[in-house]
Amino acid sequence: MVLSLVLTESWIELVPNEIAGHPAVLNWAHRKRKDPRHLILDQNYHFAAMQKLGRAGLRKGRPEIAHFCLLLALGSPLNMRGDLRCYVHTIGNRIIKVDPQARLPRSTDRWVSLLEQLYEEKVVPPVGPALLTLLQGNMGNLLDELNSDIVVGLTTEGELNPMEIVARRLAEHKRPVLLVGGFPEGHFSKRTLERVNESYRIDRRRLEAWTVIARAIYDYERMTRKEETIQN
């Protein structure tokens, strides 16, 4: 059994054209020696410019969420034993496929630079085995490709259940997919929810995405180890 983990509707995108000429963006582009249109939007450096995008725009520019989540996932024993696959779905309907053997930079600034290279080259590294691959596609396209037998979404609007119970449900299937929001707050879009078979809330409090992923991977790993012990 291999668990497919999808960071869904992640706030990763290039700087929108309408703020590409803002001084905050231009200054950062000058420091990085890049065309401002090739920069990944980042609240840490572009917040002043993002205020021009309106209230909804202030939620954007959060590439560090995917970074923290992937560091946790790729460093897990579940991934090391070959039973985890990671994907990032972005709000711009791009899919980032992550090789299980990828060693991501620990610095968020270096991670963002890696994303900028990925958006230009489509594959990182451009020569040799691909560690990150960027494709055009929505959640439906990805789920069709994964051919899952269950899609579980973790959301504050789901049925309250401890992660151990949710992990047991995932472990009952051969091709389970787990969706975790790659955004700081809010809920999955209606289009995403239409593809979810079961949705759960694992805590009464709102948890950060990386906390949810750490608990999910740990409990799934424990549950599948139990299943292997029973079968043996």
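Residues numbered from 1 in each chain as written. Predicted model: local features only at pLDDT ≥ 70, side-chain atom pairs only at ≥ 80, totals over all residues. Heavy atoms only, no water.

On to helix H2 (residues 43-50), then. Considered for burial, the residues of H2 that qualify are His46, Ala49 and Met50. Along the axis of H2, the buried residues cluster in a sector spanning 90°; they form a single face. Sitting at the head of H2, Asp42 places a side-chain oxygen 2.9 Å from the backbone nitrogen of Asn44. (Buried < 20%, exposed > 50% of the residue type's maximum accessible area, 1.4 Å probe, protein only. Helix = DSSP H or I, 4+ residues; strand = E, 2+ residues; numbered from the N terminus. Arc of directions from axis to C-beta. Polar contact = N/O pair within 3.5 Å; in protein donor to acceptor, adjacent residues only side chain to side chain.)

Their axes nearest at 10 Å, the elements helix H3 (residues 63-74) and helix H5 (residues 108-121) cross at an angle of 105°. As far as their axial angle goes, H5 and H3 are roughly perpendicular. Here Pro63, Glu64, Ala66, His67, Phe68 and Leu70 of H3 come into contact with H5, specifically with Thr108, Trp111, Val112 and Leu115. Among the residues making up the contact of H3 with H5, the classes are represented as seven nonpolar, two polar and one charged. (Axes fitted to C-alpha atoms, helices over the stretch in contact; angles between N-to-C directions. Parallel < 35°, antiparallel > 145°, perpendicular 65-115°, else oblique. Contact = heavy atoms within 4.5 Å. Nonpolar A, V, L, I, M, F, W, Y, C, P; charged D, E, K, R; others polar.)

This part takes up the state of the cysteines. Across all of its chains, the model carries zero disulfides by this definition. This cysteine, Cys69, is not joined by any disulfide, and Cys86 carries the nearest cysteine sulfur, 9.6 Å off. With a relative accessible area of 3%, Cys86 lands in the buried category. (Disulfide = S-S within 2.5 Å.)

So, on to the confidence of the model for the protein. Summary statistics for the protein give a mean pLDDT of 93 and a share of 97% for residues scoring 70 or more. Predicted confidence in the protein is weakest over helix H9 (residues 209-231), with a mean pLDDT of 84, and strongest over strand S3 (residues 94-98), with 98. (pLDDT = per-residue confidence, 0-100.)

A few words now on the pairing of strand S2 (residues 84-90). Along S2, six of the seven residues are buried, which leaves the element largely enclosed by surrounding structure. With six bridges joining them, strand S1 (residues 3-10) and S2 adopt parallel strand pairing. For Val6, the partnering residue across the bridge sits in S2 and is Tyr87. Both S2 and S3 contribute to a ladder of four bridges, which runs antiparallel. (Pairing = 2+ DSSP bridges.)

So, on to the packing of helix H1 (residues 23-32) against H2. At a minimum axis distance of 7 Å, the contact between H1 and H2 shows a crossing angle of 150°. Relative to H2, the element H1 is oriented roughly antiparallel. In this structure, H1 uses Ala24, Val25 and Trp28 to contact H2, whose residues at the interface are Tyr45, His46, Ala48 and Ala49.

Attention shifts here to H5. Along its 14 residues, H5 runs 20 Å from first to last C-alpha, staying within 8% of the 20 Å computed at 1.5 Å per residue. For H5, the set of buried residues is Thr108, Trp111, Val112, Leu114, Leu115, Glu116, Leu118 and Tyr119. At its buried positions, H5 is contacted by H1, H3, S2, S3, strand S4 (123-124) and strand S5 (132-136). Of the residues that open H5, the one with a side-chain oxygen 3.3 Å from the backbone nitrogen of Asp109 is Ser107. After H5 finishes, the residue Lys122 shows a positive phi value of roughly 75°. (Expected span 1.5 Å × (residues − 1).)

Time to look at the side chain of Thr224. As for its position among the elements, Thr224 is in helix H9. Relative accessible area serves as the criterion here: at 2%, Thr224 is assigned to the buried category. Looking at Thr224, its side chain comes within polar contact range of the side chain of Arg81, at 2.5 Å. A polar side-chain atom of Thr224 sits 3.1 Å from the main-chain carbonyl oxygen of Glu221. Residue contacts for Thr224: discarding those within four places in its chain leaves Met1, Arg81 and Ala171.

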